[in-house]
Amino acid sequence: MNAKQQTETAAHHAMAIVGGFLGVYALLTRNETFGSSETSNLIYLTIAGLDGSVSSFMIRLGGTLCYIAGILFATLAPKYFKKTDFRYISILIDGAACLLLACIPAGTEPVLALYPMFFATAVQWLAYTQAAGFNSATIFSTNNLRQCFSGLAEYIHSREEQHLRRFRFYGGTLICFHIGVVYCWFCIQRWGIKSIYACLLPLAVALAATIMDR
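Below is a short write-up of the structure. As the structure is a prediction and not an experimental result, all values here were calculated from the model.

**Points about the overall build of the protein chain**
The number of helices and strands found in the protein chain is nine helices and two strands. When the elements of the protein chain are put in sequence order from the N terminus, they spell out α-α-α-α-α-α-β-β-α-α-α. Over its C-alpha trace the protein chain gives a radius of gyration of 18 Å, about what one expects of a compact globule, namely 17 Å for 214 residues. Seen through its principal axes, the protein chain has C-alpha atoms that stretch 55 × 40 × 35 Å. Within the protein chain, the proportion of its 214 residues that are buried is 48%. Pairs at least 24 apart in sequence give 76% of the contacts found in the protein chain among residues at least 6 apart. In the structure as shown, the protein chain presents an accessible area of about 10,800 Å², 67% of it carried by carbon and sulfur atoms. Considering the protein chain, the positive charge centre built from 15 side chains and the negative charge centre built from 11 side chains are found 7 Å apart.

**Topic: the environment of Leu112**
Position of Leu112 among the secondary structure elements: in helix α5 (residues 110-113). For Leu112, a relative accessible area of 38% translates into the label partly exposed. For the pair Leu112 and Met58, spaced 54 residues apart in sequence, the C-alpha to C-alpha distance is 9.9 Å.

**Things to note about the packing of aromatic side chains**
Counted under the stated rule, the structure contains ten aromatic pairs. Consider the rings of Phe73 and Phe119, whose centres lie 6.0 Å apart with planes at 40°: the pair is tilted. Taken together, the residues span a long stretch of sequence, with Phe73 in helix α3 (residues 54-80) and Phe119 in helix α6 (residues 115-127) at a distance of 46 residues. Of the residues examined, Phe119 reaches a relative accessible area of 25% and is grouped as partly exposed.

**Quick notes on the nonpolar core**
Counting 44 residues, the largest nonpolar core has Phe21, Tyr25 and Ile196 as its most contacted members. Taken together, the elements giving at least two residues each to this core come down to α1 (3-29), α3, α4 (86-102), α5, α6, α8 (161-191) and α9 (200-213). Counting residues per element, this core draws most heavily on α1, at nine residues. Residue contacts for Tyr25: discarding those within four places in its chain leaves Arg30, Leu101, Met117, Cys184, Ile188, Gly192, Ile193, Ser195 and Ile196. Of all hydrophobic cores here, the second largest spans seven residues; its members include Ala131, Ala132, Cys148 and Tyr170.

**Here's the deal with unusual backbone geometry**
Residues apart from glycine generally show negative phi values, whereas peptide bonds are mostly found in trans. Unusually for a residue other than glycine, Asn31 sits at a positive phi of about 55°. For Asn31, a relative accessible area of 64% translates into the label exposed. Here the phi dihedral of Ala132 falls at roughly 55°; this positive angle occurs in a residue that is not glycine. Here Ala132 shows up in the loop between β1 (130-131) and β2 (134-135).

**Brief notes about the state of the cysteines**
Throughout the structure, instances matching the rule amount to zero disulfides. As a non-bridged cysteine, Cys184 has Cys187 as the owner of its nearest cysteine sulfur, 6.3 Å distant.

**Some details on the packing of α1 against α4**
Where α1 contacts α4, the two axes come as close as 13 Å, and the packing angle between them is 20°. Between α1 and α4, the crossing angle belongs to the class labelled roughly parallel. In the crossing of α1 with α4, the sense of the turn from one axis to the other is left-handed. Mapping the contact onto sequence places Ala11, Met15, Val18, Leu22 and Tyr25 in α1 and Arg87, Ser90, Ile91, Asp94, Cys98 and Leu101 in α4.

**Details of the pattern of salt bridges**
This structure, assessed with the given rule, holds three salt bridges. When the shortest N-O distance is used, the salt bridge between Asp85 and Arg87 registers 2.8 Å. For the pair Asp85 and Arg87, a shared accessibility class is recorded, and that class is buried. In this structure, Asp213 engages Arg87 in a salt bridge whose closest nitrogen and oxygen atoms are separated by 2.8 Å.

**With respect to the side chain of Thr64**
Note that Thr64 resides in helix α3. Polar contacts involving the side chain of Thr64 include one to the side chain of Asn41, which spans 3.0 Å.

Scoring rules and cut-offs
Residues numbered from 1 in each chain as written. Predicted model: local features only at pLDDT ≥ 70, side-chain atom pairs only at ≥ 80, totals over all residues. Heavy atoms only, no water. Helix = DSSP H or I, 4+ residues; strand = E, 2+ residues; numbered from the N terminus. Rg over C-alpha atoms; globule rule 2.2 N^0.38 Å. Buried < 20%, exposed > 50% of the residue type's maximum accessible area, 1.4 Å probe, protein only. Contact = heavy atoms within 4.5 Å. Areas by Shrake-Rupley, 256 points an atom, 1.4 Å probe, with all protein chains shown as cover. Lys, Arg positive; Asp, Glu negative; His and termini not counted. Charge placed at Lys NZ, Arg CZ, Asp CG, Glu CD. Phe/Tyr/Trp six-rings, centres within 6.5 Å; stacked < 30°, edge-to-face > 60°. Core = buried A, V, L, I, M, F, W, Y, C linked by side-chain atoms within 4.5 Å. Disulfide = S-S within 2.5 Å. Axes fitted to C-alpha atoms, helices over the stretch in contact; angles between N-to-C directions. Parallel < 35°, antiparallel > 145°, perpendicular 65-115°, else oblique. Left-handed = near helix turned anticlockwise from the far one by under 90°. Salt bridge = Lys/Arg side-chain N within 4 Å of Asp/Glu carboxyl O. Polar contact = N/O pair within 3.5 Å; in protein donor to acceptor, adjacent residues only side chain to side chain.

Structure, rendered in structure tokens:
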């Protein structure tokens, strides 16, 4: 990797730590609801519609709309704020979401409580969507896992350097994501709902890495 690719990768991996933190925070504090992806929410939204549960349907629809709003914002905003690195805006939104999440009581309906996270993680997904020539999400792991071990298999077969680079990049993303998971787990054991404040530390690290990349 050249110097630019290295700093870009560092910023991306730093945000993967944030993604891991937010993911496990949602799962452990909000009744195993994953706030960084819409797959399960869309499934339950459909089931709520079939069951005739209006309140559940409307709450999950609201969560989906928050996620869609984040995608629309992250797609359109860079077109209007061309002089601003959109990654800074994403970090600011993540920070604001952390502050909001800390204020939502534990007894709040889980999906409703995660509305700020739905929006923020959708923005983060598009702001940190690639680095060093690789497309990679920092908010969930499925594709990163596939790319990591697909790269390893290709390298074993061909011994081509590009596949080893892919394995290392996606492997690093996975490791950083789960560093965030471990860090959040320990914070939740101590502070519960308020542990979301601890996410401000990896966000600060990600900001520093992004500044270095600039």
